[in-house]
Amino acid sequence: MNDHAPRAAAAAGPPPVILLRGITKHYRLGNSDIPALRGVDLCVPQGAFVAVRGPSGSGKSTLLNVCGLIDSFDAGSYSMSGTDVAGLDERARTLLRRERIGFIFQSYNLVPVMSVADNVDYPLRLLGVAPGARRLRVERMLERVGLSGSGARRPDMLSGGQRQRVAIARALVKTPALVIADEPTANLDSATATQIIALMRELGREHGATFLIATHDERMTTQCDQVLTLTDGVLQ
Ligand SMILES: Nc1ncnc2c1ncn2[C@@H]1O[C@H](COP(=O)(O)OP(=O)(O)OP(=O)(O)O)[C@@H](O)[C@H]1O
Ligand SMILES: [Mg+2]
């Protein structure tokens, strides 16, 4: 019987990148208490491309911030790739976020005073990767998102679609386990949005990254392995 245990474990595959059980989160605003997540269960396996949709105020960004270790939660459990997140102190959470999670936002959130290449390089610098290896990885990543000639430019010289390509390169350059994308196509025109979705999907496959995406965009949801709906903090 014991002989079979390792084989069974291998067949079960890696633990889910996101495993939430009964997550609740409230915001306190003065005397009022705003429930944002109400008992969310979620299991996202490694390599999945998952969308969360729902009306404005339904808790999408809150859910993404909890999964991205940006926000804490009040009750429930979160196991990220088998690590119990609630058991980590602030420093360990920050390290885990830096190493394992990339972020893509609606308004790109690039550092305006840094060049495109420096923006992409920044996560590698935080991780202490050696300069030579960093240069190579940044070059390759910029090439992959179609911006190899633009490394020296500042973000404000780029179009919205180009800025989002830089953000995608920055999110993936460290080969994270998880990419959190909050409305990544909301500021883009239709043709550009379609290109950005295809690029995210391709790079997700190439890097084996898991994507959790808040979106209203039907072009996005049709490309996803799973589409979940949040209503008033409850996930369906
Ligand atoms: N920092 C905050 N302080 C107080 N309340 C907040 C805060 N952030 C969010 N909320 C509230 O929590 C609820 C969920 O908000 P959240 O931003 O997660 O929704 P969302 O689905 O991302 O909405 P949208 O589609 O507009 O981006 C809302 O009622 C919102 O007003
Ligand atoms: Mg939001």
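This text follows the structure it describes.
To start, this report covers the structure provided alongside it. (Residues numbered from 1 in each chain as written. Chains lettered and ligands numbered in written order. Predicted model: local features only at pLDDT ≥ 70, side-chain atom pairs only at ≥ 80, totals over all residues. Heavy atoms only, no water.)

1. Remarks on helix α6 (residues 160-172)
Note that an α-helix has 3.6 residues per turn; residues three or four places apart therefore point the same way. Between the first and last C-alpha of α6 there are 18 Å, a value that for 13 residues agrees with the 18 Å anticipated at 1.5 Å per step. Within α6, ten of the 13 residues are buried, leaving the element largely enclosed by the surrounding structure. Of all the residues in α6, the buried ones are Gly161, Gln164, Arg165, Val166, Ala167, Ile168, Ala169, Arg170, Ala171 and Leu172. On its buried face, α6 is in contact with β6 (101-105), α4 (116-126), α5 (131-144), β7 (178-182), α7 (190-207) and β8 (210-214). (Helix = DSSP H or I, 4+ residues; strand = E, 2+ residues; numbered from the N terminus. Expected span 1.5 Å × (residues − 1). Buried < 20%, exposed > 50% of the residue type's maximum accessible area, 1.4 Å probe, protein only. Contact = heavy atoms within 4.5 Å.)

2. A closer look at the packing of aromatic side chains
If you walk through the whole model with that rule in mind, you get two aromatic pairs. Considering the side-chain rings of Phe49 and Phe211, the 5.0 Å spacing of their centres and the 45° angle between planes classify their relative orientation as tilted. Separated by 162 residues along the polypeptide, Phe49 in strand β3 (residues 49-53) and Phe211 in strand β8 bring together distant segments of the chain. Classification of Phe211 as buried rests on a relative accessible area of 0%. Between Phe103 and Phe105, the ring centres sit 6.0 Å apart and the planes meet at 5°, which makes this aromatic pair stacked. (Phe/Tyr/Trp six-rings, centres within 6.5 Å; stacked < 30°, edge-to-face > 60°.)

3. Focus on the site of ligand 1
Around ligand 1 sit 14 residues in total, of which Ser56, Gly57, Lys60, Ser61 and Thr62 are the nearest. The contact in question runs from an oxygen atom of ligand 1 to an N or O atom on the side chain of Ser56, over 2.5 Å. Notes on ligand 1: free accessible area 640 Å², of which the protein chains cover 63%. Of all the secondary-structure elements, those providing two or more residues to the shell around ligand 1 are β1 (18-29), β2 (32-44) and α2 (60-67). Here the shell around ligand 1 takes three residues from α2, the largest share from any one element. Partitioning the shell around ligand 1 into residue classes produces five nonpolar, seven polar and two charged. (Near = heavy atom within 4 Å. Polar contact = N/O pair within 3.5 Å; in protein donor to acceptor, adjacent residues only side chain to side chain. Areas by Shrake-Rupley, 256 points an atom, 1.4 Å probe, with all protein chains shown as cover. Nonpolar A, V, L, I, M, F, W, Y, C, P; charged D, E, K, R; others polar.)

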